[in-house]
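Structural overview
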Amino acid sequence: MKAHLLSNKSVEQIEIVKVKDNSSFLYTDDVSVEEPLEIRVVYHLADKKESRNISVTMRTPGNDTELAVGFLFTEGIISSRQQVKSTYFPEAECSRNSENIVIVELTEGCIPELMKADRNFYTTSSCGVCGKGSIESIRTVSTFHNHTKQNTEVSLDTLYQLSEKLQSFQNNFSATGGIHASGIFDLEGNLLALREDVGRHNALDKLIGYALSADLLPLDNKILVLSGRASFELIQKAAMAGITIVAAIGAPSSLAVDLAKEFDITLLGFLRDNRFNIYHSGSHFKIENLL
């Protein structure tokens, strides 16, 4: 696994007026790009191809096929990389429209779990859970729920360095101040992969989509670091990927804590400035040098 940053499509320069004290001046500013991405699934049924529009999500362009595959996996619509035959952008007269549609074609004999797409999958960059019928409908059973967990031990020094390391690789955040990141680290604190997006849930789907395509799941001996808060949806996606340690630079929600306990996921919050809170310590997790 390796770190990977977004292309220039993720940042746009615009002319603005800056105001400071009692003066103003023209300034060229970097802003995060946000555009819709439509995710379609194509599958074979009764000797013909069926197509289903699954989701429209507001995202930062880049790593779109990873986002599509990761989204389908974390929502339980597909369960393995072997079910994905190909991913591609459709041909269209308007190239911009084509770039904002990803088609995931499944292998013959694979029927997507469309019953799990039981909500209006219009999501925004701020909340991927909007539109779900109920909390119960997003308690997707993880493929790795019964996977035997490894004992993991992480030093305090390693944990203390994670937030600074994540931020040091966030080039697009540094430029715009408006992009979330999800990063996977090994137990020694080395960054293995990072994805950014205006939507925190999209950043994680991109990361999980990459790991799924590279046959790296479950990520049970890795640390997921979130650039912001830990929501219920992010912990649900982490559980789907078999992640057992989640460290957020921001705060977790009460439902995120409940779900971390349900899946025995170690959940750390406010990880910055040589401090953090332990909201749940997994049964297979230990911190070295902690008094």
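Structure first, text after, so check above.
If you're wondering where the values come from, they're calculated on a predicted model, not measured in any experiment. (Residues numbered from 1 in each chain as written. Predicted model: local features only at pLDDT ≥ 70, side-chain atom pairs only at ≥ 80, totals over all residues. Heavy atoms only, no water.)

**Digging into the pairing of strand E6 (residues 101–106)**
- When you tally the buried positions in E6, you get six out of six residues, the bulk of the element.
- Here E6 shows no split at all, with Ile101, Ile103 and Glu105 on one side and Val102, Val104 and Leu106 on the other all buried.
- Bridge count for strand E3 (residues 35–45) against E6 is five bridges, and the pairing is parallel. Looking at E6, one finds that Ile39 is bridged to Val102.
- Pairing analysis gives four bridges linking strand E5 (residues 84–88) to E6, with the strands arranged antiparallel. Within the sheet, the bridge partner assigned to Ser86 lies in E6 and is Glu105. (Buried < 20%, exposed > 50% of the residue type's maximum accessible area, 1.4 Å probe, protein only. Helix = DSSP H or I, 4+ residues; strand = E, 2+ residues; numbered from the N terminus. Pairing = 2+ DSSP bridges.)

**As for the packing of aromatic side chains**
- Following the criterion strictly, the structure yields one aromatic pair and no others.
- Taken together, a centroid distance of 5.9 Å and an interplanar angle of 55 degrees make the contact between Tyr160 and Phe276 tilted. Here Tyr160 is found in helix H3 (residues 156–168), whereas its partner Phe276 is found in strand E14 (residues 275–280), with 116 residues between them in sequence.
- Among the residues examined, Phe276 registers a relative accessible area of 16% and is labelled buried.
- Sitting over the ring of Tyr210, Arg195 keeps its end group 4.8 Å from the ring centre. (Phe/Tyr/Trp six-rings, centres within 6.5 Å; stacked < 30°, edge-to-face > 60°. Lys NZ or Arg CZ within 6 Å of the ring centre and 35° of its normal.)

**Comments concerning the nonpolar core**
- Ranked by size, the top nonpolar core spans 51 residues in total, and within it Leu72, Leu224, Ile235 and Val246 carry the most contacts.
- Setting aside residues up to four positions removed in sequence, Val246 forms contacts with Leu224, Leu226, Ile235, Ala238, Ile265, Thr266, Leu267 and Leu268.
- In this structure, Leu191, Leu271, Phe276 and Ile287 belong to the second largest nonpolar core, which totals 20 residues. (Core = buried A, V, L, I, M, F, W, Y, C linked by side-chain atoms within 4.5 Å. Contact = heavy atoms within 4.5 Å.)

**Re the pattern of salt bridges**
- Applying the stated rule across the entire model yields 13 salt bridges.
- In this structure, the salt-bridge partner of Glu75 is Lys237, at a minimum N-O distance of 3.9 Å. With a gap of 162 residues between them, Glu75 in the loop between helix H1 (64–74) and E5 and Lys237 in helix H6 (residues 232–240) connect regions that are remote in the sequence.
- Measuring nitrogen to oxygen at the nearest pair gives 3.0 Å for the salt bridge that ties Asp205 to Lys237. Placement of the pair is Asp205 in helix H5 (residues 200–213) and Lys237 in helix H6, with a sequence separation of 32 residues. An identical accessibility class is assigned to Asp205 and Lys237; each is buried.
- A network of salt bridges, in which partner residues are shared, links Glu75, Asp205, Glu233 and Lys237. (Salt bridge = Lys/Arg side-chain N within 4 Å of Asp/Glu carboxyl O.)

**Topic: the packing of H1 against H5**
- At their nearest, the axes of H1 and H5 sit 7 Å apart, and the two run at 90 degrees to each other. One finds that H1 runs roughly perpendicular with respect to H5. In this structure, H1 contributes Glu66, Leu67, Val69, Gly70, Phe71, Phe73 and Thr74 to the contact, and H5 contributes Asn202, Asp205, Lys206, Ile208, Gly209, Tyr210, Leu212 and Ser213.
- When its residues are assigned to classes, the contact of H1 with H5 shows seven nonpolar, five polar and three charged. (Axes fitted to C-alpha atoms, helices over the stretch in contact; angles between N-to-C directions. Parallel < 35°, antiparallel > 145°, perpendicular 65-115°, else oblique. Nonpolar A, V, L, I, M, F, W, Y, C, P; charged D, E, K, R; others polar.)

**Some points on helix H7 (residues 254–262)**
- Every buried residue belonging to H7 is among Ala256, Val257, Leu259 and Ala260, and all of these are buried. Projection of H7 onto a plane perpendicular to its axis shows the buried side chains occupying an angular sector of 165 degrees, all on one side.
- Elements in contact with the buried residues of H7: H6, strand E13 (266–272) and E14.
- Looking one or two places after H7, you find Asp264, whose phi comes out positive at around 55 degrees. (Arc of directions from axis to C-beta.)

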